[in-house]
Amino acid sequence: MRLLSALFLALLAAVPLHGQEALREQAADQQILHALNRLAFGPGPGDVQKVRAMGLDQWIERQLDPSRIPDDAADRALARYATFGQTENYLVQQYAAAQRERRQVRADSGAALSREDSIAFRQRGEQLRAVVTDLQSAKVARAVASERQLQEVMTDFWFNHFNVFIRKGGPQPFYMRAYEQGIRERAFGNFRDLLGFVAKSPAMLFYLDNARSMADSGRPTLARIRPRAQRMRQGLNENYGRELLELHTLGVDGGYTQQDVIEVARALTGWTIRPPQEGGGFIFRPVMHDAAPKTVLGHTLPGGRGIEDGEDVLDIVARHPSTARYIATKLARRFVSDTPSTALIDRAAATFTRTDGDIREVLRTIIQSPEFFAASAYRSKVKSPFEVVVSAARALGAEPDPTPRTAGAVALLGQPLFAHQAPNGYPETGAAWINTGSILNRINFGLAAAAGRLPGLSAENSPIDAQLSAAPREQQVDAVVSALLGGSVSPDTRAILLSGDHPMIASGAVEAAAAASAEVNEADADMMAPGAQPRRQGARRNQVMRRPGQIPRLEGLAQIIGLALGSPEFQRR
């Protein structure tokens, strides 16, 4: 039986894309919509026709090799962010200089700052905070405009997998852009290479404290510690070692012990950050490294070595069978189902092992699987807030928004970008995103988008024929369902689009949800940008979605478009 299964899998892998069409349960146009919603952030105007003309399998192959796809629109969008022209080290140096100036002024003038000094520091702080708002805005703009859609989906996936928190403090915001770009460049590459990049990135070294982890007292190091440094010795920090095993590679049930966590942390001592005045970036410091022998997951690391200890640990965990299964499970959950089948995970994990962690090939195995185009997979995944906002912008043909407002709408829906504090990243399954308050917010976002409360996004600018504004309501509904909802909706959704009734006002759920969501929105909005004032965040909320009692009073075609964006069919991918 095992031999037959292996033979079947080998034959399945050998079947070219066009030969696997017979394994797909979805109709031809459903497959195109499904691919655009899973491998991209939803279709824009004309995308379905382009994919149909190119051929779905050819479009998928191009998306799996983004270097072949010109991306002029995304390049133009990113050129509008002033801070993107500054290097990570320049920004960190600016931050360090501002901190020194602040300390010096306080030392010269006592505890209190003069009004002039306060204004100057506030202005300097706002200039530095632009790094954060540019980063958040650019993530949305690139997802909206890029032709390399699958690369952006994978960048979002891997950033969430290797999550770091932009509000960790200190220089963390200035490490983020290079971190995200490094992930983007390796999104389809070798997993070990991606893991090594993350392990040496200042963003991760700072976030999980490995930058200050050093050999415990009593342990040998590769260089003598000066007496003053000995007194300041902080010892071993296990944070990164633990998350490397639990979240980045083997998974919580991957078969490691607490002693493995300690040994991994010891192996990675000395992996730290070079000061900005010395050029910044990663550096290995022998004086911090625990040079005694170690045993990691049954592998012995001899004593007296340096950076090789950490490199060997990354090799061991990247090639561990539990890592193959853990990464395969997460990719299958992202692209196929909240509860992917064991058979699919087995095939993806086998590809991971066979190809030594080739991410593109693992992804190809998942996309070519019968499960990917199964009838049960169609519209089975709930969109995250980021996906809701980006897909709405793409559906309405919006230009990328260079302001922070569209990224702010993502935060108001519950997903402030780069601001998930815990290392486990944002939820990957639908249940975590959906409750009464979030449904209300999503419906109101659709109405706000149709009302033009976000830059570049409104019903008036949508690709839906404006001449339909004078058409009968039923004809308008048919056009919106065709343009935004793939041509099919449930009887309940169609009834709402025809009547124009807000689905939650009729049920009386608005008032209760408003009270529940107000506190959540305040907290989420506060995560939008480090140092932002709550009053300003509240103002932004009023500009975009406002309170439930202030829902845009739309009529006609704009109302239908707004309700369609909030419908269950649009909220799923």
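Predicted, not measured: the structure shown is a model, and the values here were computed from it. (Residues numbered from 1 in each chain as written. Predicted model: local features only at pLDDT ≥ 70, side-chain atom pairs only at ≥ 80, totals over all residues. Heavy atoms only, no water.)

Brief notes about helix α20 (residues 405–412)
Reasoning step 1: Judged by how many residues are buried, α20 sits mostly within the fold: seven of eight residues are covered.
Reasoning step 2: When we look at burial in α20, the residues that qualify are Thr 406, Ala 407, Gly 408, Ala 409, Val 410, Ala 411 and Leu 412.
Reasoning step 3: Remark: Gly 414 follows α20 within two positions and exhibits a positive phi of approximately 115°. (Buried < 20%, exposed > 50% of the residue type's maximum accessible area, 1.4 Å probe, protein only. Helix = DSSP H or I, 4+ residues; strand = E, 2+ residues; numbered from the N terminus.)

Section: the nonpolar core
Reasoning step 1: Membership of the largest hydrophobic core comes to 140 residues, with the highest contact counts inside it found for Met 154, Trp 158, Tyr 179, Phe 335, Leu 484 and Ile 561.
Reasoning step 2: Once residues within four sequence positions are removed from consideration, Trp 158 is found in contact with Ile 183, Ala 187, Phe 191, Leu 194, Ile 327 and Ile 359.
Reasoning step 3: Ala 77, Leu 78, Tyr 81 and Ala 138 belong to the second largest nonpolar core, which has five residues in total. (Core = buried A, V, L, I, M, F, W, Y, C linked by side-chain atoms within 4.5 Å. Contact = heavy atoms within 4.5 Å.)

Focus on the packing of helix α6 (residues 88–109) against helix α7 (residues 115–145)
Reasoning step 1: Packing of α6 against α7 leaves a shortest axis separation of 11 Å and a crossing angle of 160°. Here α6 lies roughly antiparallel to α7, going by the angle between them. Judged by the sense of rotation from one axis to the other, the crossing of α6 with α7 is left-handed. The residues of α7 that touch α6, namely those facing Leu 91, Gln 94, Tyr 95, Ala 97, Ala 98, Glu 101, Arg 102 and Val 105, are Asp 117, Phe 121, Arg 124, Leu 128 and Val 131. (Axes fitted to C-alpha atoms, helices over the stretch in contact; angles between N-to-C directions. Parallel < 35°, antiparallel > 145°, perpendicular 65-115°, else oblique. Left-handed = near helix turned anticlockwise from the far one by under 90°.)

Concerning the pattern of salt bridges
Reasoning step 1: Here the structure, examined in full by the defined rule, presents 34 salt bridges.
Reasoning step 2: The closest approach of N and O atoms between Arg 394 and Asp 47, which form a salt bridge, is 3.0 Å. Residue Arg 394 is located in helix α19 (residues 385–395), and its partner Asp 47 is located in helix α3 (residues 47–54); the two are separated by 347 residues in the primary sequence. In this pair, the class of Arg 394 matches that of Asp 47, namely buried.
Reasoning step 3: The partner of Lys 168 in a salt bridge is Asp 209, with the nearest N and O atoms 3.0 Å apart. In this pair, Lys 168 sits in the loop between α8 (149–161) and α9 (172–185) while Asp 209 sits in the loop between α11 (202–207) and α12 (227–231), placing the two residues 41 residues apart along the sequence.
Reasoning step 4: In this structure Asp 209 comes out as buried when scored by relative accessible area, which is 9%.
Reasoning step 5: Several salt bridges share partner residues, and in doing so they unite Arg 192, Lys 200, Glu 311, Asp 315, Arg 319 and Asp 356 into one network. (Salt bridge = Lys/Arg side-chain N within 4 Å of Asp/Glu carboxyl O.)

Brief notes about α6
Reasoning step 1: The end-to-end C-alpha separation of α6 is 32 Å, in line with the 32 Å expected for 22 residues at 1.5 Å each.
Reasoning step 2: Inspection of α6 places Asn 89, Leu 91, Val 92, Tyr 95, Ala 96, Ala 97 and Ala 98 among the buried residues, and these make up the whole buried set.
Reasoning step 3: Taken together, the buried residues of α6 touch α7 and α9. (Expected span 1.5 Å × (residues − 1).)

As for the environment of Thr 436
Reasoning step 1: For Thr 436, the location among the structural elements is in helix α21 (residues 436–450).
Reasoning step 2: Each C-alpha atom, one on Thr 436 and one on Met 504, is 9.2 Å from the other, the two residues being 68 residues apart in sequence.

Regarding the packing of aromatic side chains
Reasoning step 1: Tallying each qualifying case throughout the model produces 15 aromatic pairs.
Reasoning step 2: The interplanar angle of 70° and the centroid separation of 5.6 Å between the aromatic rings of Phe 159 and Tyr 179 together place this pair among those described as edge-to-face. Taken as a pair, Phe 159 in helix α8 and Tyr 179 in helix α9 lie far apart in primary sequence, 20 residues in all. The burial state of Phe 159 is the same as that of Tyr 179; both residues are buried.
Reasoning step 3: Centroid distance Trp 271 to Phe 282: 5.3 Å. Interplanar angle 65°. Geometry classified as edge-to-face. One end of the pair, Trp 271, is in strand β1 (residues 271–273); the other, Phe 282, is in strand β2 (residues 282–284), and 11 residues separate them in sequence.
Reasoning step 4: Judged by relative accessible area, Trp 271 falls into the buried class, the value being 1%.
Reasoning step 5: Cluster of aromatic residues (ring-pair linked, three or more members): Phe 157, Trp 158, Phe 162, Phe 191 and Phe 352.
Reasoning step 6: The ring of Phe 386 carries Lys 139 above its face, with NZ or CZ at 4.7 Å from the centroid. (Phe/Tyr/Trp six-rings, centres within 6.5 Å; stacked < 30°, edge-to-face > 60°. Lys NZ or Arg CZ within 6 Å of the ring centre and 35° of its normal.)

Description of the confidence of the model for the protein
Reasoning step 1: Overall, the predicted model of the protein reaches an average pLDDT of 88, with 87% of residues at or above 70.
Reasoning step 2: In the model, residues 1–15 has pLDDT below 50 throughout and makes seven contacts with residues more than four positions away in sequence or in other chains.
Reasoning step 3: Across residues 523–542, where pLDDT falls below 50, the model places 38 contacts with residues more than four positions away in sequence or in other chains. (pLDDT = per-residue confidence, 0-100.)

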